[in-house]
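Structural description and commentary
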Amino acid sequence: MSETLKLGDFVPSQEMEIYDPLKDDFGIISFEQLRKDKKWTILVFYPADFTFICPTELKDLADHYEEFKKLGAEILAISTDTKFVHLAWLKEEKLLKNVKYPMVADPTGKISRLFGVLNEETGLAHRGTFIINPEGMLVGIEISFDNVGRNAKELLRKLKAHIYVTNHPGEVCPAAWEEGKKTLKPGAKIVGKVSEALK
């Protein structure tokens, strides 16, 4: 557990305490159970509850949560706050009134450290987004500075692309790919002729 996970790594079993807004109660969630349920898992690390950009990000995710669920994905929002602080924040911050996905409590920083987003000086997590496929492989990593918020629509687009290439081996998604657009089949015939292949 001491080494940071890398792209392509298998995510080890890990039980995590959560506040579950749907049940308005505390609980446990695990990567093992999400694998058993064949879920795509999206981890959204953020610095802290009761801050500024973070509630706008969680609201953005909440606005698109049903779309993620229809694709067979579960979102886990994670910070180093406790489950009690998660509960209090959701009760207090109006932007979070529609949040239905689990909120993971990582007060020891164990999970944040595993994914390489823990700021050891502050004890807070950086803004990190991770996509784990249903087999438990880490297929997407994005980490940014704390002063710029993320976009749930772009995350949704990336998830759809990962699902597409999983279901269509031998094809790849070009930049800004969206559902219904042309994909590519890598091979000698399109080397230097990608423009023609996209027509």
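Being a predicted model, the structure only gives us computed values, none of them experimental. (Residues numbered from 1 in each chain as written. Predicted model: local features only at pLDDT ≥ 70, side-chain atom pairs only at ≥ 80, totals over all residues. Heavy atoms only, no water.)

1. Observations regarding the pairing of strand 2 (residues 25-30)
In regular strands, side chains alternate between the two faces of the sheet. In plain terms, the rule: A pair of strands counts as paired when DSSP detects no fewer than two bridges linking them. Helix and strand definitions here come from DSSP, where helices need a minimum of 4 consecutive H or I residues and strands a minimum of 2 consecutive E residues; each element is numbered from the N-terminal end.
Across six bridges, the pairing between strand 1 (residues 15-20) and strand 2 is antiparallel. Paired with tyrosine 19 across the bridge in strand 2 is phenylalanine 26. If you look at the hairpin formed by strand 1 and strand 2, you'll find four residues sitting between the two strands, and aspartate 24 has a positive phi there, around 50 degrees.

2. Remarks on helix 2 (residues 53-63)
What counts, and what does not: Each residue is assigned to one of three classes by its accessible area relative to the maximum for its type, calculated with a 1.4 Å probe on protein chains only: buried under 20%, partly exposed between the two thresholds, exposed over 50%. To obtain the arc, one takes the directions from the helix axis to the C-beta atoms.
Turning to helix 2, its buried residues number three or more, namely Cys54, Pro55, Glu57, Leu58, Leu61 and Ala62. Across the axial projection of helix 2, the buried residues extend over an arc of 160 degrees, all falling on one side.

3. Side note on unusual backbone geometry
With a phi angle near 50 degrees, aspartate 24 is a residue other than glycine that sits in the positive phi range. Among the structural elements, aspartate 24 can be located in the loop between strand 1 and strand 2. One non-glycine residue, alanine 176, lies in positive phi territory at about 60 degrees. Within the fold, alanine 176 resides in the loop between helix 6 (152-167) and helix 7 (194-197).

4. A short note on the environment of glycine 180
Summarising the element assignment, glycine 180 is placed in the loop between helix 6 and helix 7. A relative accessible area of 83% places glycine 180 in the exposed class. Along the chain, glycine 180 and valine 165 lie 15 residues apart, while their C-alpha atoms are 13 Å from each other.

5. Quick notes on the side chain of glutamate 171
Put simply, the rule reads: Residues scored as charged are limited to Lys and Arg (positive) and Asp and Glu (negative), so that His and the chain ends carry no count. Just to be clear on terms, a salt bridge is a Lys or Arg side-chain nitrogen sitting within 4 Å of an Asp or Glu carboxyl oxygen. Polar contact criterion, stated in full: a pair of N or O atoms within 3.5 Å, where within protein one must be able to donate a hydrogen and the other to accept it, and residues adjacent in sequence count only if both atoms are side-chain atoms. For this analysis, residues touch if any pair of their heavy atoms sits within 4.5 Å.
Note that glutamate 171 resides in the loop between helix 6 and helix 7. Although glutamate 171 is buried, it makes no salt bridge; lysine 185 carries the closest opposite charge, 4.6 Å away. In this structure the side chain of glutamate 171 is engaged in a polar contact, spanning 2.8 Å, whose partner is the side chain of tyrosine 164. In contact with glutamate 171, not counting residues within four places along its chain, are Tyr164, Val165, Thr183, Leu184 and Lys185.

6. Considerations on the sheet that holds strand 3 (residues 40-45)
What counts is decided by this rule: To get an axis, a line is fitted to the C-alpha atoms, and for a helix only the part in contact is used. The angle between two axes follows their N-to-C directions and goes from 0 to 180 degrees.
Taken in spatial order, the seven strands line up as 2-1-5-4-3-8-9 in an open sheet, and their pairing is mixed. Of all the strands in the sheet, the pair left with one neighbour each is strand 2 and strand 9 (138-144). Geometrically, the sheet is characterised by an average inter-axis angle of 25 degrees between neighbouring strands, direction not taken into account. Pairing geometry for strand 4 (residues 73-79) and strand 5 (residues 103-105), over three bridges, is parallel. Bridge pairing in strand 5 places serine 79 opposite alanine 105.

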